[in-house]
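Chain by chain, the residues run as shown.
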Amino acid sequence: MSTTRHSQVARRYAEALFATLEQSDQEQAIRSINDEFVGILEILSDPKVNEAFHHPKTSKEHKAQLIRLMNLSPIAENFLLLLVEKSRETLLPSVAYHFEQLVLEAEQTTIAEVISAVPLTGETLDELQQRLYTLTGKTIRLQTKIDPSIVGGMIIKVDGKVIDGSVNNTLRQFQRSLSN
């Protein structure tokens, strides 16, 4: 299955789950399922668990037993059992991603990835969060990363846009203008 098709199918599963929860007016369940997806992916990131769960010779019954051992909510457990029954368990990371995007959209929230050369102070992060809110009109959740190779400044990725205010980028632009 191509990755585009894979993503489309995963998106449909995520949308179906989200719509079901939304129709039953279970906002709390929506957030809790989103959190459970994070936990499930963490459990499955263990190499031994992942190998056993995704091994072609592992039966659907054994996968179901592993899912039941995760102590999930009935909704999350039934959803995972459905994925296993339909042999779609490999879609789980993609389903989780698309589900999170739906939750963020419903909450008018977006994630901004901020890469800086040094750790940013709480005050700087608060100011950045406020400016990004003004720019996007959405509540901002910041994910910060440290990358000394950018030398200084920061790179911000939000809603498919990249704002590159790094010293490294400024030097590249300056070099290009000198060579022209």
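Above this text sits the structure in question.
Fair warning: this is a prediction, and the values are worked out from it, not measured in the lab.

Structural notes on helix H4 (residues 60-69)
Next up, step 1: Where H4 is concerned, the buried positions are Lys63, Ala64 and Ile67. One side of H4 holds all its buried residues, which, seen down the axis, span an arc of 100 degrees. Among the exposed residues of H4, those pointing more than 90 degrees away from its buried face are Glu61, His62 and Leu69.
Next up, step 2: Of the residues trailing H4, asparagine 71 is marked for its positive phi of about 55 degrees.

What to know about the side chain of threonine 109
Next up, step 1: Inspection of the secondary structure assignment puts threonine 109 in strand S1 (residues 109-116).
Next up, step 2: Among residues more than four places away in sequence, those in contact with threonine 109 are Leu104, Lys138, Thr139 and Arg141.

Some points on the pattern of salt bridges
Next up, step 1: Taken as a whole and assessed by the stated rule, the structure comprises seven salt bridges.
Next up, step 2: Across the pair arginine 31 and glutamate 107 runs a salt bridge, and its minimum N-O distance is 2.7 Å. Placement of arginine 31 in helix H2 (residues 27-44) and of glutamate 107 in the loop between helix H6 (92-106) and S1 is noted, with a sequence separation of 76 residues between them.
Next up, step 3: Residue classification places arginine 31 among the partly exposed residues on the basis of a relative accessible area of 35%.
Next up, step 4: Using a relative accessible area of 31% as the deciding quantity, one classes glutamate 107 as partly exposed.
Next up, step 5: Glutamate 89 is paired through a salt bridge with lysine 63; the nearest N and O atoms lie 2.5 Å apart. Of this pair, glutamate 89 sits in the loop between helix H5 (74-85) and H6 while lysine 63 sits in helix H4; the two residues are 26 residues apart in sequence, bridging distant segments of the chain. For the pair glutamate 89 and lysine 63, one class covers both residues: buried.

Here's the deal with the packing of aromatic side chains
Next up, step 1: Overall, the coordinates contain four aromatic pairs when judged by the stated rule.
Next up, step 2: Seen from their ring centres, tyrosine 13 and phenylalanine 79 are 6.3 Å apart, and the 75 degrees between their planes marks the pair as edge-to-face. Here tyrosine 13, found in helix H1 (residues 3-23), pairs with phenylalanine 79, found in helix H5; they are 66 residues apart in sequence, far enough to count as distant.
Next up, step 3: We classify tyrosine 13 as buried; its relative accessible area is 17%.
Next up, step 4: The exposure class assigned to phenylalanine 79 is buried, which follows from its relative accessible area of 8%.
Next up, step 5: An aromatic cluster is present here, built from Tyr13, Phe18, Phe37, Phe79 and Phe99 joined pairwise through their rings.
Next up, step 6: Above the plane of the ring of phenylalanine 53 lies lysine 63, whose end atom (NZ or CZ) is 5.8 Å from the centre.

Concerning the environment of aspartate 159
Next up, step 1: Its location among the elements puts aspartate 159 in the loop between strand S3 (154-158) and strand S4 (161-164).
Next up, step 2: Counting along the chain gives 48 residues from aspartate 159 to isoleucine 111, while the straight-line C-alpha distance between them is 7.6 Å.
Next up, step 3: Setting aside residues no more than four positions away along its own chain, aspartate 159 makes contact with Thr110, Thr136 and Lys138.

Describing the nonpolar core
Next up, step 1: Phe37, Ile40, Val95 and Phe99 are the most contacted members of the largest nonpolar core, which totals 31 residues.
Next up, step 2: Among the secondary structure elements, those contributing two or more residues to this core are H1, H2, H4, H5 and H6.
Next up, step 3: When residues in this core are grouped by element, the largest group, seven residues, is from H1.
Next up, step 4: When sequence neighbours within four positions are dropped, the list of residues in contact with isoleucine 40 reads Met70, Leu72, Leu80 and Leu92.

A short note on the pairing of S4
The two faces of a sheet get side chains in turn, since along a regular strand they alternate between them.
Next up, step 1: Looking at chain direction, S3 and S4 are connected through four bridges and run antiparallel. Bridge assignment links isoleucine 156 to a residue of S4, and that residue is isoleucine 163.
Next up, step 2: Counted along the chain from S3 to the antiparallel partner S4, the turn is two residues long, and its residue aspartate 159 has a positive phi close to 50 degrees.

Thresholds, definitions, all that
- Residues numbered from 1 in each chain as written.
- Predicted model: local features only at pLDDT ≥ 70, side-chain atom pairs only at ≥ 80, totals over all residues.
- Heavy atoms only, no water.
- Buried < 20%, exposed > 50% of the residue type's maximum accessible area, 1.4 Å probe, protein only.
- Helix = DSSP H or I, 4+ residues; strand = E, 2+ residues; numbered from the N terminus.
- Arc of directions from axis to C-beta.
- Contact = heavy atoms within 4.5 Å.
- Salt bridge = Lys/Arg side-chain N within 4 Å of Asp/Glu carboxyl O.
- Phe/Tyr/Trp six-rings, centres within 6.5 Å; stacked < 30°, edge-to-face > 60°.
- Lys NZ or Arg CZ within 6 Å of the ring centre and 35° of its normal.
- Core = buried A, V, L, I, M, F, W, Y, C linked by side-chain atoms within 4.5 Å.
- Pairing = 2+ DSSP bridges.

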